[in-house]
Amino acid sequence: MDRRLIATDGLTQSVLEAGEGPLVLLIHGFPELAISWRAQVEALAEAGYRAVVPDMRGYGGTDRPGKTEDHTILHLVGDMVDLVRALGERSCVVIGHDWGASVAWHCALMRPDLFTAVAGLSVPFQPRRAKGPPIAAMRAIAARAGTDDLYITRFQEADAHVPFDADPETALRKMFWAYDGATPADQRHTGFLKPGQSMVDGVTDGATRPPWMSAEHFAEYVAAFRAGGFRGPLDWYRCMDLNWSLTAWLQDRTIDIPSLFMIGENDPVRHYAGRHEKAQADWLTDLRGMIEIPGAGHWLQQERPEAVNAALLDFLAGVRG
């Protein structure tokens, strides 16, 4: 597995890659890095694919634009489009996890000529709402749940990244623990916060590294976020209403290329995105599978690499023909 820098349109991207064959592009989420896909890169390369995974815009070894508005879904999809070009390819299968799943879904929605099949892990496709921007809707969800806020709405605050930057090691340890399938159900995060509570403060100080995460693997995350901080990653969330205003042209559009959705049985995302999960077949017109992985939480490809690899290879074999 190799690491290198690739110059794309206005952005230098740091990528991990291995293998030769049809291109498979993997996209990470928050708060992750390209290294979250290592097990899949190895498996795909061994199976005859060219697997490439970048540190995304604002993360790790990839450039970190200084403006919040430089982190819209148009920028994120554009980065992937130009990465495929820079790799010398004309098409690929795109796979994403968490925020990366949203990017992957939008790659499929916006450029089905380039992205010929799509798989999303943990976060279902969520169509654009005609009723209005998403942040107000999320505040309404929190109100119905009887809580002060959903963490996504709290991330809209300009200083929301400060508690993360103050102690990246603690913030990462708490987030990985709070969304892990092995964490006791009554201690996993629901995504909702009490009044005045930050995402970091909302998780017990007794949080430990998940059982699948080695000290060495965790140290890679800590070093990257100490160097790059959390402002850029949280800017993705701060662009959610802007994304809505930029994508009226996608209203009611379905994803018509072959697709796959996977989620962990104990993924806390289901507390606030479950209704979208139930409607996937309405929006993914060539849905090849809906897979629930028993006992798994949110960090699907790292918690259950064997199960994820098997499902992805089966999906890829089907779309490869």
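Our subject is the structure listed above.
Owing to the predicted nature of the structure, the values given are computational and were not obtained by experimental measurement. (Residues numbered from 1 in each chain as written. Predicted model: local features only at pLDDT ≥ 70, side-chain atom pairs only at ≥ 80, totals over all residues. Heavy atoms only, no water.)

1. Considerations on the environment of methionine 110
Secondary-structure assignment places methionine 110 in helix H3 (residues 99–110). Between the alpha carbons of methionine 110 and arginine 139 there is a distance of 28 Å; along the sequence they are 29 residues apart. Residues contacting methionine 110, with those up to four places away along its chain left out, are Ile73, Leu74, Val77, Thr247, Trp249, Leu250 and Arg253. (Helix = DSSP H or I, 4+ residues; strand = E, 2+ residues; numbered from the N terminus. Contact = heavy atoms within 4.5 Å.)

2. Remarks on the side chain of serine 14
In this fold, serine 14 is placed in strand E2 (residues 11–18). The exposure class assigned to serine 14 is buried, which follows from its relative accessible area of 5%. What serine 14 contacts, discounting residues up to four positions off in sequence, is Arg3, Arg4, Leu5, Val53, Pro54, Asp55, Gly61 and Thr62. (Buried < 20%, exposed > 50% of the residue type's maximum accessible area, 1.4 Å probe, protein only.)

3. So, the pattern of salt bridges
Any two side chains of opposite charge can pair, given that their charged atoms come close. Taken as a whole and judged by the stated rule, the model has 16 salt bridges. Ionic pairing is found between glutamate 169 and arginine 173, a salt bridge with its closest N-O pair at 3.4 Å. A residue pair is termed a helical-turn pair when its members lie 3 or 4 positions apart in one helix, as glutamate 169 and arginine 173 do in helix H7 (residues 168–178) at four residues. With a shortest N-O distance of 2.7 Å, aspartate 205 and lysine 174 are connected by a salt bridge. One end of the pair, aspartate 205, is in the loop between strand E8 (192–193) and helix H8 (215–228); the other, lysine 174, is in helix H7, and 31 residues separate them in sequence. Since its relative accessible area comes to 4%, lysine 174 is described here as buried. A cluster of three or more residues bridged by salt bridges with shared partners is formed by Arg4, Glu17, Arg50 and Glu89. (Salt bridge = Lys/Arg side-chain N within 4 Å of Asp/Glu carboxyl O.)

4. Some words on the pairing of strand E3 (residues 23–27)
Buried residues dominate E3, accounting for five of its five residues. Chirality of the crossover, the property in question, places the unit of E3, helix H1 (residues 38–46) and strand E4 (residues 50–54) among those that are right-handed. One ladder, built from four bridges, connects E3 with strand E5 (residues 92–97); its direction is parallel. Paired with leucine 26 across the strands is isoleucine 95, a residue of E5. (Right-handed = clockwise from strand over helix to strand, strands pointing away. Pairing = 2+ DSSP bridges.)

5. Description of H1
For H1, the complete set of buried residues consists of Gln40, Val41, Ala43 and Leu44. Along its buried surface, H1 packs onto E2, E3, E4, helix H13 (300–303) and helix H14 (305–320).

6. Description of the packing of aromatic side chains
All chains considered together, the criterion is met by 22 aromatic pairs. Taking the centre distance of 5.9 Å and the plane angle of 75° together, the rings of phenylalanine 30 and phenylalanine 155 count as edge-to-face. Separated by 125 residues along the polypeptide, phenylalanine 30 in the loop between E3 and H1 and phenylalanine 155 in the loop between helix H5 (151–154) and helix H6 (162–166) bring together distant segments of the chain. Exposure remark for phenylalanine 155: the relative accessible area of 3% places this residue in the buried category. For phenylalanine 30, a relative accessible area of 5% puts it in the buried group. Note that arginine 128 overlies the ring of tryptophan 244, its terminal NZ or CZ placed 4.1 Å from the centroid. A cation over a ring is seen here: arginine 320 above tyrosine 49, with NZ or CZ 4.7 Å from the ring centre. (Phe/Tyr/Trp six-rings, centres within 6.5 Å; stacked < 30°, edge-to-face > 60°. Lys NZ or Arg CZ within 6 Å of the ring centre and 35° of its normal.)

7. Overview of the nonpolar core
Ranked by internal contacts, the top residues of the largest apolar core, which has 105 residues, are Phe30, Val103, Phe115, Tyr151 and Phe164. Here this core takes nine residues from H3, the largest share from any one element. Contact partners of tyrosine 151, with chain neighbours within four places excluded, come to Tyr179, Gly191, Leu193, Met199, Tyr237 and Tyr272. (Core = buried A, V, L, I, M, F, W, Y, C linked by side-chain atoms within 4.5 Å.)

8. A short note on unusual backbone geometry
Residue proline 31 is bonded to the preceding phenylalanine 30 through a cis peptide linkage, with omega at -10°. Relative to the elements of secondary structure, proline 31 occurs in the loop between E3 and H1. Positioned with a positive phi, aspartate 98 is a non-glycine residue whose angle comes to about 60°. Within the element layout of this structure, aspartate 98 appears in the loop between E5 and H3.

Note that all results are geometric; they support no functional claim without further evidence.
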